[in-house]
Amino acid sequence: MKHMAALIAGALAVVMSARAADYRVETVASGFDHPWSLAFLPDGRMLVTERAGRLRLIEPGPDGRARLRPEPVAGVPAVLARGQAGLFDVVVDPAFAVNGQVMLSFAYGTPEANHLRVVRARFDGRQLREVQPIFTSQPAKAETQHFGGRMAWLADGTLLLGMGDGNVERTDAQRLHTHLGKMLRIKPDGSVPTDNPFLTRPNARPEIYTLGHRHPQGVVVVDGVPYAHEHGARGGDELNRIEPGANYGWPITTGGIDYTYARITPYRTRAGIEPPLVDWTPSIAPSGMAWYDGALFPAWRGSLFISTLKEGSVRRVPLAKGSPGPQEVLFQELGERIRDVRAGPEGAIYLLTDSANGRVLRVVPSR
Ligand SMILES: [Ca+2]
């Protein structure tokens, strides 16, 4: 009897979650060339980066409906666009209404010698002004893979930035003299916070916050705690809670193997290395990430939303007191690689599709 009651309760839970998940997907704007990141301005306008190096603005048109401004935002610095290199993230200063500041991350340099660079600039509604570089990764790396580039504001007003391992010498992720394969923390003017964890370590880059990352592609701060995900090779995609000074293992530990099927390391876990909160093997190829606590989908509140390229989905990962719950695979019916996911100020969910004719989609309740 108890068993039967549990079965019925389970069936009800499924029905309820299916009902709660009733949604429809609208196209907000289309015609983007590999859109990479979306950020909301305080008045609801949206900035969208395109990997080739353009920044686009979605604003209300004459009829009040969202409209993609045909001209790209002027003043974006020249970016290295090739392979995985290009214009990456855009984040809006929490005090944008007062200072108009936005931050952009992008690949900078040549295919043979390049960097991850962050600039800040004032956006006047049409163009970027007073563009200032605030961070340039060191040393220069070759090839055009594994830049990282996602950014998020920490509660204290500092900026967290993910940097990939460059995919040339993977052990760089464990070496503190290089920014490669790290999460980095800087102030909005580019200076180094005085409490960064490796400041007293000889020859360590002072911006380093955590080490042992392969290719971080999503970072979000929830109740003051940062979470980041990253790509493994063949398997071993990870979600991690980011603790200052911690080592996340790459390439000493991983849940995956190499693309050639060769073993990368004998260790999945090891003393002194933070294990992932979630390991995705086989790979889903996580891209963007958002925290959802919005009004329109009560059943989805308190969840991380993680867009994916390979799986062509958004993974909903409920977080209860920092622990991940059962995942839900969403939006696979769209048949798209999804590059970014964001929670809109009104509680809708926004998606960027990754293609040469990429779209900004909005998910709203169907009723
Ligand atoms: Ca790891």
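Q: Which parts of the structure should I look at to understand the overall build of the protein?
A: For the protein, the count of helices and strands is two helices and 25 strands. Rg of the C-alpha trace for the protein: 20 Å, near the compact-globule value of 21 Å for 367 residues, within the 12% margin. When the 367 residues of the protein are sorted by exposure, 54% land in the buried category. Taken as a whole, the protein presents about 15700 Å² of accessible surface, with 52% of it coming from carbon and sulfur.

Q: Would you take a moment to explain the layout of surface pockets for this structure?
A: Here the idea is plain: a probe the size of a water molecule rolls over the atoms and shows the empty space left. By volume, the largest pocket amounts to about 680 Å³. Around the largest pocket sit 26 residues that line it, and Phe40, Trp153, Val220, Arg342 and Ala343 are the ones nearest its centre. Broken down by secondary-structure element, the contributors of at least two residues to the lining of the largest pocket are β2 (35–40), β6 (87–92), β10 (148–153), β14 (216–222), β18 (286–292) and β23 (338–343). Sort the elements by how many residues they give to the lining of the largest pocket and β14 lands first, with five residues. Taken together, the residues of the lining of the largest pocket sort by class into 18 nonpolar, three polar and five charged. As a volume, the second largest pocket reaches approximately 420 Å³. As for the second largest pocket, its lining consists of 25 residues, and the residues nearest its centre are Gln84, His215, His231, Ala285 and Leu309. In terms of residue class, the lining of the second largest pocket is built from seven nonpolar, eleven polar and seven charged.

Q: Please explain the pattern of salt bridges as it appears in this structure.
A: When their charged atoms lie close together, side chains carrying opposite charge are able to pair. What the rule picks out here adds up to 25 salt bridges. Notably, a salt bridge pairs Glu26 with Arg24, separated by 2.5 Å at the nearest N-O pair. You can call Glu26 partly exposed: its relative accessible area is 24%. Residue Arg316 pairs with Glu328 through a salt bridge whose shortest N-O separation is 2.8 Å. On the criterion of sequence distance, the pair formed by Arg316 in strand β20 (residues 314–320) and Glu328 in strand β22 (residues 328–330) is long-range, its members being twelve residues apart. The burial state of Arg316 is the same as that of Glu328; both residues are buried.

Q: Looking at this structure, how should I read the pairing of strand β24 (residues 349–353)?
A: Walk down a regular strand and you will see the side chains alternate between the two sheet faces. The element β24 is extensively covered by neighbouring structure, given that five of its five residues are classed as buried. Here β24 shows a buried face lined by Ile349, Leu351 and Thr353 and a second buried face lined by Tyr350 and Leu352. Here β23 runs beside β24; their pairing, made up of five bridges, is antiparallel. Bridge pairing in β24 links Arg342 to Tyr350. As consecutive antiparallel partners, β23 and β24 are separated by five residues, and within that stretch Gly347 has a phi angle of approximately 100 degrees, a positive value. Bridge count for β24 against strand β25 (residues 358–365) is four bridges, and the pairing is antiparallel. Directly across from Ile349, in β25, lies its bridge partner Val363. Hairpin connection, β24 to β25: the antiparallel pair is bridged by four residues.

Q: I tried to follow the packing of aromatic side chains on my own but got confused; where do I start?
A: The description of an aromatic ring pair rests on the distance of the ring centres and on the angle between the ring planes. Within this structure, the stated rule accounts for ten aromatic pairs. Look at Phe88 and Phe147: their rings are 5.7 Å apart centre to centre, the planes differ by 40 degrees, and that puts the pair in the tilted class. Linking Phe88 in strand β6 with Phe147 in the loop between β9 (128–136) and β10, this pair joins segments that are 59 residues apart in sequence. With respect to class, Phe88 is no different from Phe147; both count as buried. Pairing Phe297 with Trp300 gives two aromatic rings, centres 4.4 Å apart and planes at 25 degrees, and the pair type is stacked. A single burial state applies to Phe297 and to Trp300, both of which are buried. Put simply, the rings of Tyr23, Tyr292, Phe297, Trp300, Phe305 and Phe331 pair up and form one aromatic cluster. The aromatic ring of Tyr261 is capped on one face by Arg234, whose charged end is 3.9 Å from the ring centroid. Above the face of the Tyr267 ring, Arg270 is positioned so that its terminal group lies 4.2 Å from the ring centre.

Q: Just to check I follow, could you spell out the coordination of the calcium ion for this structure?
A: Taken together, Glu238 (OE), Glu238 (OE) and Tyr248 (O) make up the full set of protein donors to the calcium ion, lying 2.2 to 2.5 Å away. Linking Glu238 in strand β16 (residues 237–241) with Tyr248 in the loop between β16 and β17 (278–280), this pair joins segments that are ten residues apart in sequence.

Q: Before we go on, may I ask you to explain the sheet that holds β17 in this structure?
A: Backbone-to-backbone hydrogen bonds pair the strands of a sheet. The strands run either parallel or antiparallel. What the four strands build is an open sheet, ordered β14-β15-β16-β17; its pairing is antiparallel. Across the chains shown, the open sheet's two edge strands, defined by having one partner strand only, are β14 and β17. Direction aside, the axes of adjacent strands within the sheet are offset by 15 degrees on average. Inspection of the sheet shows β16 paired to β17 by three bridges, in the antiparallel sense. By the bridge assignment for β17, Leu239 is matched with Val278.

Scoring rules and cut-offs
- Residues numbered from 1 in each chain as written.
- Predicted model: local features only at pLDDT ≥ 70, side-chain atom pairs only at ≥ 80, totals over all residues.
- Heavy atoms only, no water.
- Helix = DSSP H or I, 4+ residues; strand = E, 2+ residues; numbered from the N terminus.
- Rg over C-alpha atoms; globule rule 2.2 N^0.38 Å.
- Buried < 20%, exposed > 50% of the residue type's maximum accessible area, 1.4 Å probe, protein only.
- Areas by Shrake-Rupley, 256 points an atom, 1.4 Å probe, with all protein chains shown as cover.
- 1 Å grid on protein atoms, 1.4 Å probe; cavity = no way out; pocket = protein on both sides within 12 Å on 5 of 7 lines; lining within 4 Å.
- Points joined across faces, edges and corners; volume = space filled by probe spheres on them.
- Nonpolar A, V, L, I, M, F, W, Y, C, P; charged D, E, K, R; others polar.
- Salt bridge = Lys/Arg side-chain N within 4 Å of Asp/Glu carboxyl O.
- Pairing = 2+ DSSP bridges.
- Phe/Tyr/Trp six-rings, centres within 6.5 Å; stacked < 30°, edge-to-face > 60°.
- Lys NZ or Arg CZ within 6 Å of the ring centre and 35° of its normal.
- Donors = N, O, S within 2.8 Å, 3.2 Å for Na, K, Ca; no water.
- Axes fitted to C-alpha atoms, helices over the stretch in contact; angles between N-to-C directions.

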